[in-house]
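Residue-level listing of the chains:
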Amino acid sequence: MTVRDWDLRHFRLIAALAAEGSIGAAARETGMAQPNASRTLEQMERSAGFALARRTPRGTELTDRGRVVAGLAADVLEAAESVVRAVEALERPRGALHVCASMTVAEHLMPQWLAAAQQRLPDVSVTLDVGNSDEVFERLRSGQAELGFVEGPTVQTGFRYLDVAPDELVVIVRPDHPWARNGSISPEDVAAASLVVREPGSGTRQTADRALAPYGSGPRFEVGSNAALAASVAAGLGPGVVSRLAVQLPLRSGRLVEVPMPALKLRRMLRAVWSAAAPLPRSAEEFLRLVGI
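Residues numbered from 1 in each chain as written. Predicted model: local features only at pLDDT ≥ 70, side-chain atom pairs only at ≥ 80, totals over all residues. Heavy atoms only, no water.

### Points about the overall build of the protein
Here's step 1: What the protein contains, in helices and strands, is twelve helices and eleven strands.
Here's step 2: Along the first, second and third principal axes, the C-alpha set of the protein runs to 85 × 50 × 25 Å.
Here's step 3: Buried residues in the protein amount to 44% of all 293 residues.
Here's step 4: Within the protein, contacts between residues separated by at least 24 positions form 75% of all contacts whose residues are at least 6 apart in sequence.
Here's step 5: When the accessible area of the protein is evaluated, it comes to approximately 14600 Å², of which 51% is carbon and sulfur surface.
Here's step 6: Charge-centre separation for the protein: the mean point of 33 positive side chains lies 1 Å from the mean point of 33 negative side chains. (Helix = DSSP H or I, 4+ residues; strand = E, 2+ residues; numbered from the N terminus. Buried < 20%, exposed > 50% of the residue type's maximum accessible area, 1.4 Å probe, protein only. Contact = heavy atoms within 4.5 Å. Areas by Shrake-Rupley, 256 points an atom, 1.4 Å probe, with all protein chains shown as cover. Lys, Arg positive; Asp, Glu negative; His and termini not counted. Charge placed at Lys NZ, Arg CZ, Asp CG, Glu CD.)

Structure follows, in C-alpha cells:
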C-alpha cells in the first residue's frame, strides 16, 4: 500500500482523530471497529514513512506532520462533499423545483411568476416556501430548497446571486398622523420615532436598520409580516418602514400615507440566490429565464 492508495476512509479516520483526540473516539466517529481503525492508522504510517500519531496516557494525539496531513484530509473531504452535492443536484428530476422566497418577493412578485411558469413551463412543478431573508439562506444551506429570493442588503458567504429588481422602502403613517401634514421628514426624526418594523432576520428590517443607524435609534415594535406592519400602522401603533411594493393598495386608497424622506433614500436590490457548492438544476435555470433574470 502507498499513499496513492489512500481513499476517503483513510482521510475520514485521520480527520476524526484530529477532532476527537483518541483512536477509540475516531473509530466510533467513522463507524469502524477500534482494532480496524488502529490497523488502518498503522498502514497509513507505513505508507507515509513517518509517524502520524503518538499514544499518550490521555489518548492519541497527532504529530506535527500528522496535523498537516489531517488539515489536508479535511480539504479533501470537503471537496468530496461538494462533488456529492453537485451530483445530487444534477440527479434531481427536471420537473421538480423547490423555491424559498422572502416575504416581499413571495407576496408581490412570486404570484405572477408562478402563473407564468404554469403557462410556459408546464412540466416544471414548483413548490414555494416563504420566510424572511435569513430563513431563505438557511433553507438553501440545508438543501431544503434549490433556489431562493431575498431582499436584504447583503448576500451571505457561500452563495451566488443575480439581481432581480430594485425596490425602495418608504415611511408610512395614518392620514391623521402629524407627519402626514409635514410634507417631508428627516432621517433623525424617523430613527428616533417609535417605529413599526419587521422582525430581525427580515431583509426589510436589515435595510432599514443599516440606513437609519447613523441617525440614532428609538423604540421598535416588531411584527412578522408586511401585512401585519401595514395593519399596525393603520391602527395607530406608529409610523412604519416597509417596501413600497407591500403598501401600493393602502397608499392608493388613502388608508395610509407615504411621508417623503428626501435626505435618505432607502433603496435596495431584490436578488435570486443559490448555493455556490452545487450547480443550479436545469428547472431553476428555466425559472430564472422565465422571470427575466
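### Overview of the environment of Ser184
Here's step 1: Mapping Ser184 onto the fold places it in the loop between strand 6 (159-173) and helix 8 (187-192).
Here's step 2: A residue is classified by how much of its surface remains accessible, and Ser184, at 33% relative accessible area, is partly exposed.
Here's step 3: Sequence separation between Ser184 and Met261 is 77 residues; the distance between their C-alpha atoms is 5.6 Å.
Here's step 4: Excluding anything up to four places from it in sequence, Ser184 contacts Val259, Pro260 and Pro262.

### Details of the nonpolar core
Here's step 1: Val105, Met110, Trp113, Leu147, Phe149 and Phe287 are the most contacted members of the largest nonpolar core, which totals 22 residues.
Here's step 2: The element best represented in this core is helix 12 (residues 282-290), accounting for four residues.
Here's step 3: Ignoring anything within four residues of it in the chain, the contact list for Val105 reads Met110, Pro111, Trp113, Phe149, Glu151 and Leu270.
Here's step 4: Ala37, Leu41, Met44 and Leu62 belong to the second largest nonpolar core, which has 19 residues in total. (Core = buried A, V, L, I, M, F, W, Y, C linked by side-chain atoms within 4.5 Å.)

### Some remarks on empty space enclosed by the protein
Here's step 1: Considering all chains together, one arrives at one cavity of 30 Å³ or more under this definition.
Here's step 2: The volume enclosed by the largest cavity comes to roughly 30 Å³.
Here's step 3: What lines the largest cavity is Leu195, Val197, Ala208, Asp209, Leu212 and Arg220.
Here's step 4: Mapped onto the lining of the largest cavity, the elements with two or more residues apiece are strand 7 (195-198) and helix 9 (203-212). (1 Å grid on protein atoms, 1.4 Å probe; cavity = no way out; pocket = protein on both sides within 12 Å on 5 of 7 lines; lining within 4 Å. Points joined across faces, edges and corners; volume = space filled by probe spheres on them.)

### Concerning the packing of helix 1 (residues 8-20) against helix 2 (residues 23-30)
Here's step 1: Where helix 1 meets helix 2, the closest approach of the two axes is 8 Å, and the angle between their N-to-C directions is 125 degrees. Taken as axis vectors, helix 1 and helix 2 run oblique relative to one another. Crossing of helix 1 against helix 2: the hand is right-handed. Between helix 1 and helix 2, the residues in contact are Arg12, Leu13, Ala16, Leu17 and Glu20 and Ile23, Ala25, Ala26, Glu29 and Thr30, respectively. (Axes fitted to C-alpha atoms, helices over the stretch in contact; angles between N-to-C directions. Parallel < 35°, antiparallel > 145°, perpendicular 65-115°, else oblique. Left-handed = near helix turned anticlockwise from the far one by under 90°.)

### A word on the packing of helix 2 against helix 3 (residues 34-48)
Here's step 1: Where helix 2 meets helix 3, the axes come as close as 9 Å, and the angle between the chain directions of the two elements is 105 degrees. Here helix 2 is positioned roughly perpendicular relative to helix 3, judged by the angle of their axes. For the pair helix 2 and helix 3, contact is made by Ile23, Gly24 and Ala27 and by Gln34, Ala37, Ser38 and Leu41, respectively.
Here's step 2: A breakdown of the residues in the contact of helix 2 with helix 3 according to their chemical character gives four nonpolar, three polar and no charged. (Nonpolar A, V, L, I, M, F, W, Y, C, P; charged D, E, K, R; others polar.)

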